[in-house]
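Structural overview for review
Here is how the chains run, residue by residue.
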Number of protein chains: 2
Amino acid sequence: MARNKEFDPTEKLEKARDLFWEKGYHATSMQDLVSQMQVNRGSMYDTYGDKHQLFIESLQNYAKETYAEYKQAATGEKSPFKAIELIVKKAIQRSFEEEKVCMIVKSSFEMAPLDNDVKEILKQLSNALISIFGDLIGKAQQAKEISAEKNARQSAQFIVGSFAGLWQMQALYNDRTMVEQMAKNILDSLK
Amino acid sequence: MARNKEFDPTEKLEKARDLFWEKGYHATSMQDLVSQMQVNRGSMYDTYGDKHQLFIESLQNYAKETYAEYKQAATGEKSPFKAIELIVKKAIQRSFEEEKVCMIVKSSFEMAPLDNDVKEILKQLSNALISIFGDLIGKAQQAKEISAEKNARQSAQFIVGSFAGLWQMQALYNDRTMVEQMAKNILDSLK
DNA sequence: ATATATTTAGAACGAATGTTCCAATTAGGT
DNA sequence: ACCTAATTGGAACATTCGTTCTAAATATAT
């Protein structure tokens, strides 16, 4: 039939994702993307569609990779509460290593008020994380590690929401001790 | 000497602020601002400087007005802990009335990674809020309303950070009950 | 009343925006 | 080896971007 692509679409998508992740949607130009991805303009539009679609795919890719890391951090841990702790630790570690704050949270503030399609995706992705924590909290309650009085899903929402606080503090102060202290407070308040 | 301005600079600044507040910095164009403020382009540059300076003044104006409202919500309240509760309540009420999420938090995610000047201002403004809560927490400890074990400033940082969680949830789900439940969790964890 | 400094309206600027198009290239199926 | 369909590089598109400029209008101080 015809030629094959010279580039690996998912590898290049990750480059786009990293740029959107760092600068957000509006501050990232197609020129920025072309330069960073090292892919021709035409090929970009052929492969990913327009900027908006590319952003959405970047977001999905981010969530997929991030949640996989979170789950991976918890596997093998028998104590559900410790599993939660491990995920939070991993999230913080990752965030400081990448020197970037969670793309879903950033996008929630930048895009949710302006773009309904993106907002729905962000809701769905956040729901997925809430479910992960909800399950763990339920199990922790069964294991009597935390009080069974509290509603598991509410606690999960609290945890996921609290992440935003961690990231804001990181974004402003970039002080890991401070962020870890906040995380400790959050985890303590679960019990 | 010469003519007077036909418009009230602070009144028009508030219009700019509302637009930046809603859409963020990058998604707001000068054309948007000219239309919304009903001020001539040239007059805008004469009065406020460029877009960047106008944004900074908008941010300062936002903080001034918001913090005044917060303090006002707490005045007359003898119990320091209840004062904290009142501020949180006011913050939530205001946020749902305006149908917009805190401009400082939004800007922290959009601008802090890209703009050091804005980041420093955001830090300073956040510090001011942390101090307000730090004072109240200190007083609440003296009044034995909350445990004196915890470091007051750390708890204040936790509160201020937790606001970001409230706003993310509002931005995504726009569910007031959910946000109020989260706020309750935050306040409970203070004790 | 006149001179003067400032504001006003809106045209105009070059640069950057997202997107499309086209000719040249290239690899796969027959 | 040759046709064919897709990819490639890069020019080109119309808009929009933030900003500046000019000329007319206007209010103040003398």
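Notes on the structure in this doc start here. (Residues numbered from 1 in each chain as written. Chains lettered and ligands numbered in written order. Predicted model: local features only at pLDDT ≥ 70, side-chain atom pairs only at ≥ 80, totals over all residues. Heavy atoms only, no water.)

**Some points on helix α9 (residues 176-190) of chain B**
- Taking 1.5 Å as the rise per residue, α9(B) with 15 residues should run 21 Å; its terminal C-alpha atoms sit 21 Å apart, in good agreement.
- Regarding α9(B), the residues found buried are B:M178, B:V179, B:M182, B:A183, B:N185, B:I186, B:L187, B:S189 and B:L190.
- Packing partners of the buried residues in α9(B) comprise α8 (152-173) of chain A together with α5 (80-98), α7 (116-142) and α8 (152-173) of chain B.
- With a side-chain oxygen positioned 3.1 Å from the backbone nitrogen of B:T177, the residue opening α9(B) is B:D175. (Helix = DSSP H or I, 4+ residues; strand = E, 2+ residues; numbered from the N terminus. Expected span 1.5 Å × (residues − 1). Buried < 20%, exposed > 50% of the residue type's maximum accessible area, 1.4 Å probe, protein only. Contact = heavy atoms within 4.5 Å. Polar contact = N/O pair within 3.5 Å; in protein donor to acceptor, adjacent residues only side chain to side chain.)

**So, the relation of the copies chain B and chain A**
- For the pair chain B and chain A, the superposition axis carries a translation of 0.0 Å, the fit reaches an RMSD of 0.0 Å, and the rotation angle comes to 180°. Here the transformation between the copies is reduced to the relation of a two-fold axis.
- Most of the interface of chain B is mirrored in chain A, where 100% of its interface residues are also at the interface. (Least-squares fit on C-alpha atoms with pLDDT ≥ 70 in both.)

**A look at the packing of α5(B) against α7(B)**
Residues and elements named next belong to chain B.
- Remark: α5 packs on α7, axes separated minimally by 8 Å, with the N-to-C direction vectors making an angle of 150°. Contacts between α5 and α7 involve P80, F81, A83, I84 and I87 from the former and I132, F133, L136, I137, K139 and A140 from the latter.
- Taken together, the residues that form the contact of α5 with α7 break down as 10 nonpolar, no polar and one charged. (Axes fitted to C-alpha atoms, helices over the stretch in contact; angles between N-to-C directions. Nonpolar A, V, L, I, M, F, W, Y, C, P; charged D, E, K, R; others polar.)

**Points about the pattern of salt bridges**
- Applying the stated rule across the entire model yields 18 salt bridges over all chains.
- For A:K23, the salt bridge goes to A:D32, with nearest N and O atoms at 3.2 Å.
- With relative accessibility at 22%, the residue A:K23 sits in the partly exposed group.
- Between B:E120 and B:K123 there is a salt bridge, with its nearest N and O atoms 3.6 Å apart. (Salt bridge = Lys/Arg side-chain N within 4 Å of Asp/Glu carboxyl O.)

**What to know about the interface of chain B and chain A**
- Each side of the interface is counted separately: chain B has 39 residues, and chain A has 39 residues.
- When chain B packs against chain A, close to 3,400 Å² is buried across both sides, 70% of that on carbon and sulfur atoms.
- There are zero salt bridges connecting chain B and chain A.
- The interface formed by chain B and chain A holds eight residue pairs in polar contact (both at pLDDT 80 or more) in total.
- Elements with a contribution of two residues or more to the side of chain B that touches chain A: α1 (9-23), α6 (103-110), α7, α8 and α9 of chain B.
- The element best represented in the side of chain B that touches chain A is α8(B), accounting for 14 residues.
- Residues of the side of chain B that touches chain A, tallied by class, amount to 21 nonpolar, 13 polar and five charged. (Buried area = accessible area lost by both parts, 1.4 Å probe.)

**Comments concerning the packing of helix α4 (residues 51-74) of chain B against α5(B)**
Residues and elements named next belong to chain B.
- One can describe the packing of α4 onto α5 by two numbers: an axis separation of 8 Å at closest approach and a directional angle of 135°. Comparing the axis directions of α4 and α5 gives the class oblique. The element α4 and its partner α5 pack so that their crossing is right-handed. Contacts between α4 and α5 pair Y62, E65, T66, E69, Y70, A73 and A74 from the former with A83, L86, I87, K90, A91 and R94 from the latter.
- Here the contact of α4 with α5 is composed, by residue class, of eight nonpolar, one polar and four charged. (Parallel < 35°, antiparallel > 145°, perpendicular 65-115°, else oblique. Left-handed = near helix turned anticlockwise from the far one by under 90°.)

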